[in-house]
Amino acid sequence: DLWLRDQKSAYQNAKVDKLKSGSVEHLQMADRQGCLFHGTPSRASFKVLNPRTSRLHDSEVIFAGFPWVAICFIARWTDRSVSMGTVDGKPYFHIHNHRVYEDFIKGGFVCQISPETFFRTERLTSFEFISTQKVPVISSVFVPDPLESLRQLGVDLLLPDDFSLIKKIKAKGRGSRLSDW
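Keep in mind the model is a prediction, meaning the values are calculated, not measured.

Reading guide: rules and limits
- Residues numbered from 1 in each chain as written.
- Predicted model: local features only at pLDDT ≥ 70, side-chain atom pairs only at ≥ 80, totals over all residues.
- Heavy atoms only, no water.
- Salt bridge = Lys/Arg side-chain N within 4 Å of Asp/Glu carboxyl O.
- Helix = DSSP H or I, 4+ residues; strand = E, 2+ residues; numbered from the N terminus.
- Buried < 20%, exposed > 50% of the residue type's maximum accessible area, 1.4 Å probe, protein only.
- Core = buried A, V, L, I, M, F, W, Y, C linked by side-chain atoms within 4.5 Å.
- Contact = heavy atoms within 4.5 Å.
- pLDDT = per-residue confidence, 0-100.
- Pairing = 2+ DSSP bridges.
- Axes fitted to C-alpha atoms, helices over the stretch in contact; angles between N-to-C directions.

Asks: Would you mind showing me how to read the pattern of salt bridges here?
Replies: Oppositely charged side chains may form a pair once their charged atoms are brought near each other. Here the structure, examined in full by the defined rule, presents 4 salt bridges. A salt bridge links lysine 90 to aspartate 156, with the shortest nitrogen-to-oxygen separation between them at 3.9 Å. Separated by 66 residues along the polypeptide, lysine 90 in strand 5 (residues 90-95) and aspartate 156 in strand 9 (residues 156-158) bring together distant segments of the chain. Among the residues examined, lysine 90 registers a relative accessible area of 35% and is labelled partly exposed. Judged by relative accessible area, aspartate 156 falls into the partly exposed class, the value being 29%. One salt bridge connects lysine 106 with aspartate 103, and the closest N-O pair in it is separated by 3.6 Å. Taking the relative accessible area as the measure of exposure, lysine 106 reaches 58% and is therefore exposed.

Asks: Where do I start with the nonpolar core in this structure?
Replies: Inside soluble globular proteins, nonpolar side chains tend to come together where they are buried. Formed by 39 residues in total, the largest nonpolar core has its most connected members in Trp68, Phe93, Phe104 and Ile113. In terms of residue count, helix 3 (residues 67-72) provides more of this core than any other element does, 5 residues in total. Those residues in contact with isoleucine 113, other than ones at most four positions away along the chain, are Cys35, Leu36, Phe37, His38, Leu49, Ala64, Phe118, Val135, Pro136, Val137 and Ile138.

Asks: What is the right way to look at the confidence of the model for the protein in this model?
Replies: Low-pLDDT portions of the prediction should not be read for the details of their coordinates. Across the protein, the average pLDDT comes to 78, with 76% of residues at or above 70. Residue range residues 174-181 is modelled with pLDDT below 50. Its contacts to residues more than four positions away, or to other chains, number 29 contacts.

Asks: Would you take a moment to explain the side chain of threonine 40 for this structure?
Replies: Take threonine 40: it is sitting in strand 1 (residues 36-40). Setting aside anything within four residues of it in sequence, one finds threonine 40 in contact with Phe46, Phe73, Ile74, Gly108 and Phe109.

Asks: Mind showing me how you'd approach the environment of asparagine 50 here?
Replies: Its place among the elements puts asparagine 50 in the loop between strand 2 (48-49) and strand 3 (62-65). A residue is classified by how much of its surface remains accessible, and asparagine 50, at 40% relative accessible area, is partly exposed. When near neighbours in sequence (up to four residues on either side) are disregarded, asparagine 50 contacts Ile62 and Lys134.

Asks: Could you clarify how one ought to interpret the sheet that holds strand 4 (residues 82-87) in this entry?
Replies: Either a parallel or an antiparallel arrangement is found when strands of a sheet pair, and the pairing is made through backbone hydrogen bonds. One open sheet accounts for 3 strands, arranged 4-5-9; its pairing is mixed. The sheet is open, and its two borders are formed by strand 4 and strand 9, each paired with just one other strand. Adjacent strand axes in the sheet meet at a mean angle of 20 degrees when their direction is disregarded.

Asks: Looking at this structure, how should I read the pairing of strand 5?
Replies: The side chains of a regular strand alternate between both faces of the sheet. Counting buried positions over the 6 residues of strand 5 gives 5, a clear majority of the element. Looking at chain direction, strand 4 and strand 5 are connected through 6 bridges and run antiparallel. Paired with valine 82 across the strands is isoleucine 95, a residue of strand 5. From the end of strand 4 to the start of strand 5, which pair antiparallel, there are 2 residues, and aspartate 88 there has a positive phi angle of about 50 degrees. Where strand 5 and strand 9 come together, 3 bridges link them in parallel fashion. The partner of tyrosine 92 across the bridge, within strand 9, is aspartate 156.

Encoded structure:
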C-alpha cells in the first residue's frame with residue numbers, strides 16, 4: 001500500500017513530537033510526522049496497546065487510522081449504531097443511536113502510535129489499518145469535544161434524516177458496513 005509505505009517513511013525520517021493536547025492542530029502535526037492513531041473511550045495505562053479479539057479477523061488485532069478515524073472510535077459502538085466512510089474522498093460519521101451519541105460527547109482518548117507494524121487487509125476500509133503485535137504508545141491525549149474536532153478535521157457529521165447523502169453513499173458503494181440499511 002503506497003500511502004502506508006509513505007507514512008512509515010515519514011515516521012522513520014521525522015523527529016516525532018509527543019502530542020501535548022487533543023487539539024486538531026496537534027493531531028494534524030503528528031499525522032504529518034507519519035504517526036497513526038487509536039481511539040478509546042477510557043484511560044488505560046497507555047504504555048502499550050495489546051491486540052484484542054476482532055469479529056473481522058481470524059486473529060487478535062489492534063485497529064488504527066487517521067486522526068478522524070481514531071476520534072470516531074472514542075465511544076463504543078457497533079455497525080448498527082454508527083456508519084462511517086468516505087464519499088468522493090471526504091470522510092463522514094453518522095451516529096444512528098442516541099446512547100452512542102451520549103457516550104461520544106463525553107470525550108475520550110486518542111493514542112499516537114508508530115505505523116511500523118500496521119498493514120491493511122481486504123476486510124478493511126481504505127482508512128483502517130491493523131497490527132497483530134503489541135504497539136508502544138508514543139503519547140495519549142484527551143479529546144474533550146469529539147464532534148467539534150471532527151468538524152475541524154473536515155468530517156461530515158450526519159443525522160439520521162439526511163437521506164440525500166445516504167443515497168449518494170449507497171450509490172457510490174463506498175464507506176463501510178452500510179449493508180443493514
